[in-house]
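Each chain, written out:
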Amino acid sequence: MKQHELRLGDCLEHLRTMASGSVDAVVTDPPYGLRFMGKRWDYDVPSVEVWAECLRVLKPGGLVLDPFMGTGTTGVAALAEGFRFVGFEREAEYFETAKRRMEEP
Ligand SMILES: C[S@@+](CC[C@H](N)C(=O)[O-])C[C@H]1O[C@@H](n2cnc3c(N)ncnc32)[C@H](O)[C@@H]1O
């Protein structure tokens, strides 16, 4: 591919067209579900499916770090895709939710 590639449209649809293990890193500033400035795109957070696709396209065998883990959606997707995961979160309520989602069967 050339030095850069930009695609209009839904990221989940585009992710599905990409080969597994073809990406070195996913670095993003996603919607946070805060309704930032009343923007519709910030009414919700990305689904587990989106993060699972992000992890699928990454080169395998990695350790995923989410330093701002929140309730752990990235971690849930990482474990489901066979990655190891480290997460940091300072809000105890969010931390406990993340822990439950990843440690309870
Ligand atoms: C937090 S903003 C990113 C801002 C960016 N860091 C900047 O400097 O402009 C998130 C962006 O994701 C886009 N977005 C939300 N859901 C999307 C989806 N399913 N597929 C593609 N883009 C999406 C929104 O339109 C919004 O522009």
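Residues numbered from 1 in each chain as written. Predicted model: local features only at pLDDT ≥ 70, side-chain atom pairs only at ≥ 80, totals over all residues.

Asker: Which parts of the structure should I look at to understand the pairing of strand β1 (residues 63-66)?
Answerer: In summary, the side chains of a regular strand alternate between the two faces of the sheet. Where β1 meets strand β2 (residues 84-87), four bridges bridge the pair, whose relative direction is parallel. Bridge pairing links Val-64 to Phe-85 in β2. A crossover connection joins β1 to the parallel β2 through helix α3 (residues 73-80); in handedness this β-α-β unit is right-handed. (Pairing = 2+ DSSP bridges. Helix = DSSP H or I, 4+ residues; strand = E, 2+ residues; numbered from the N terminus. Right-handed = clockwise from strand over helix to strand, strands pointing away.)

Asker: Even after reading the chapter, I still don't get the packing of helix α2 (residues 48-57) against α3, so can you show me in this structure?
Answerer: Axes are the key here: two packed helices are described by the angle between their axes and the distance separating the axes. Where α2 contacts α3, the axes come no closer than 8 Å and their chain directions differ by 50°. Taken as axis vectors, α2 and α3 run oblique relative to one another. Pair α2 / α3 crosses with right-handed handedness. Seen from α2, the contacting residues are Val-48, Trp-51, Ala-52 and Leu-55; seen from α3, they are Thr-73, Thr-74, Val-76, Ala-77, Ala-78 and Ala-80. Class assignment of the residues belonging to the contact of α2 with α3 gives a composition of eight nonpolar, two polar and no charged. (Axes fitted to C-alpha atoms, helices over the stretch in contact; angles between N-to-C directions. Parallel < 35°, antiparallel > 145°, perpendicular 65-115°, else oblique. Left-handed = near helix turned anticlockwise from the far one by under 90°. Contact = placed C-beta atoms within 7 Å. Nonpolar A, V, L, I, M, F, W, Y, C, P; charged D, E, K, R; others polar.)

Asker: I keep staring at the confidence of the model for the protein chain and nothing clicks. Help me out?
Answerer: Segments scoring low in pLDDT should not have their predicted coordinates read at a detailed level. The share of residues in the protein chain with pLDDT of 70 or more is 100%, and the mean pLDDT across the chain is 91. Averaged pLDDT values over the elements of the protein chain bottom out at 88 in α3 and peak at 97 in helix α1 (residues 11-15). (pLDDT = per-residue confidence, 0-100.)

Asker: What is the right way to read the site of the ligand from this model?
Answerer: Around the ligand, the neighbouring residues are Asp-10, Cys-11, Leu-12, Asp-29, Pro-31 and Trp-41. Of the residues that constitute the shell around the ligand, the class distribution is four nonpolar, no polar and two charged. (Near = placed C-beta within 6 Å.)

Asker: For this particular structure, what's the right way to read unusual backbone geometry?
Answerer: In most cases, non-glycine residues show a negative phi, while peptide bonds are predominantly trans. Within the chain, Arg-35 stands out as a residue other than glycine whose phi angle is a positive 60°. Inspection of the secondary structure puts Arg-35 in the loop between α1 and α2. Given 13 C-beta atoms within a 10 Å radius, Arg-35 is considered partly exposed. With phi around 50°, Met-37 is a residue other than glycine that occupies positive phi space. In this structure, Met-37 sits in the loop between α1 and α2. (Buried ≥ 20, exposed ≤ 12 C-beta atoms within 10 Å, placed from the backbone.)

Asker: In this structure, what is going on with α2? I would like to understand it.
Answerer: The periodicity of an α-helix, 3.6 residues per turn, causes residues three or four positions apart to be oriented the same way. When we look at burial in α2, the residues that qualify are Trp-51, Glu-53, Cys-54 and Leu-55. The inward-facing, buried residues of α2 contact α1 and α3.

Asker: Honestly, the environment of Thr-97 in this entry has me stumped. Any pointers?
Answerer: Positionally, Thr-97 belongs in helix α4 (residues 92-103). Thr-97 sits in the partly exposed class, given 16 other C-beta atoms within 10 Å. Sequence separation of Thr-97 and Gly-72 is 25 residues, and the distance between their C-alpha atoms is 7.5 Å. Excluding residues that lie within four positions of it along the chain, Thr-97 makes contacts with Thr-71 and Gly-72.

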